[in-house]
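Geometric and topological summary
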Amino acid sequence: MTDLLRAALDAPGFSPLPPRARDLLETLDAPPRLGAHLRVVHDVAVALTGWAADRVAFDAEAVLFGAATHDIGKVRHPEELSGPGSAHEPAGYALLLSHGVPEGLARFAGTHGSWSAPDVTVEDLLVSLADKVWKGKRVPDLESRVAGLLAGEPWEAFLVLDDELSRIAAGADARLAFQSAYPTSG
């Protein structure tokens, strides 16, 4: 593991990754920027799961692991760390399976960009949402799907979700600066 990856994984100010996710990044000698990205998305997922816990039933540990590993396929497709692409999604799914991660957790590597699928779960939606709002990006269709699953009147659910996402999005500049401080290669 490079010193820069270690720095990204150990930097103060963000929730630590689940141990198994961290171990995978170390074993795969992930690019430092990927480690930083997964830290900030996971940190946002920690906030989202804490907020959503009283509003909808879901597996918080699965969401947190999914957020911490959703882009792990970029180890195989590092060009997607700084450019567009979705080849990392099936690659990440296969990579996680090959390292003994159960399908129910590995799936997030492949589902984090497909929130419109008919069989999408609450957990998938929360990982997708964390992967968007960490940088301040708002996606109305995704947010509507999440709001539709929350307890209470639909319009009230959307308003409380909007307030929480606005609060989280306000920290986007700091998260973007943290991620950008790390290179795309070791």
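Residues numbered from 1 in each chain as written. Predicted model: local features only at pLDDT ≥ 70, side-chain atom pairs only at ≥ 80, totals over all residues. Heavy atoms only, no water.

1. Considering a nonpolar patch on the surface
What counts is decided by this rule: Note that patches include only residues with greater than 30% relative accessible area and no salt bridge, and the join distances are 9 Å for like charges and 5 Å for nonpolar side chains (Val, Leu, Ile, Met, Phe, Trp, Tyr). Using a 1.4 Å probe, the Shrake-Rupley method yields the accessible areas, and only the shown protein chains count as cover for residues. For this document, the term salt bridge refers to a Lys or Arg side-chain nitrogen within 4 Å of an Asp or Glu carboxyl oxygen. Burial classes: relative accessible area under 20% of the type maximum marks a residue as buried, over 50% as exposed, and values in between as partly exposed (1.4 Å probe, protein chains only).
Side chains of Trp-155, Phe-158 and Leu-159 sit close together on the surface and give an oily, nonpolar patch of about 320 Å² of accessible area. Judged by relative accessible area, which is 45%, Leu-159 ranks as partly exposed.

2. So, the nonpolar core
Formally: We define the nonpolar core as a collection of buried residues of types Ala, Val, Leu, Ile, Met, Phe, Trp, Tyr and Cys that are connected through side-chain atoms lying within 4.5 Å of one another. Under the DSSP-based scheme used, a helix requires at least four consecutive residues in state H or I and a strand at least two consecutive residues in state E, with every element numbered from the N terminus. Two residues qualify as a contact provided that any one of their heavy atoms is within 4.5 Å of a heavy atom in the partner residue.
Membership of the largest hydrophobic core comes to 40 residues, with the highest contact counts inside it found for Val-44, Leu-48, Phe-58, Leu-129, Leu-142, Leu-161 and Phe-178. The set of elements that each furnish at least two residues to this core consists of α3 (32-52), α4 (60-69), α8 (122-133), α9 (140-149) and α10 (154-169). Sequence-distant contacts of Val-44, that is, excluding residues within four places in its chain, are made with Ala-130, Val-133, Trp-134, Ile-168 and Arg-175. Ala-21, Leu-34, Leu-38 and Val-75 belong to the second-largest nonpolar core, a separate cluster that totals 20 residues.

3. Observations concerning the pattern of salt bridges
Going through the model one piece at a time under the given rule, you end up with eight salt bridges. Ionic pairing is found between Glu-26 and Arg-22, a salt bridge with its closest N-O pair at 2.7 Å. Separated by four residues within a single helix, Glu-26 and Arg-22 lie in helix α2 (residues 19-27), roughly one turn from each other. Three or more residues joined by partner-sharing salt bridges are found here, namely Asp-10, Arg-22 and Glu-26.

4. Brief notes about the confidence of the model for the protein chain
Low pLDDT marks regions whose predicted coordinates should not be analysed in detail. The line we're drawing: Confidence scores here are pLDDT values: one per residue, from the predictor, ranging 0 to 100.
Per-residue confidence for the protein chain averages 94 on the pLDDT scale, and 99% of its residues sit at or above 70. The secondary structure element of the protein chain with the lowest average pLDDT is helix α7 (residues 108-111), at 90, and the one with the highest is α4, at 98.

5. Brief notes about the packing of aromatic side chains
To keep it simple, the criterion reads: The aromatic pairing rule takes the rings of Phe, Tyr and Trp, using the six-membered ring of Trp, and pairs them if the centres are within 6.5 Å, calling planes under 30 degrees apart stacked, those over 60 edge-to-face and the rest tilted.
This structure, assessed with the given rule, holds two aromatic pairs. Here the aromatic rings of Phe-14 and Phe-178 are separated by 4.6 Å at their centres, their planes lie at 45°, and the arrangement is tilted. With Phe-14 in the loop between α1 (3-10) and α2 and Phe-178 in helix α11 (residues 172-180), this pair connects stretches of sequence that are 164 residues apart. A relative accessible area of 17% means that Phe-14 is categorised as buried. On the accessibility criterion, Phe-178 (12% relative accessible area) is buried. A ring pair is formed by Phe-178 and Tyr-182, whose centres lie 5.2 Å apart and whose planes are at 65°; its orientation type is edge-to-face. Each of the two residues, Phe-178 as well as Tyr-182, counts as buried.

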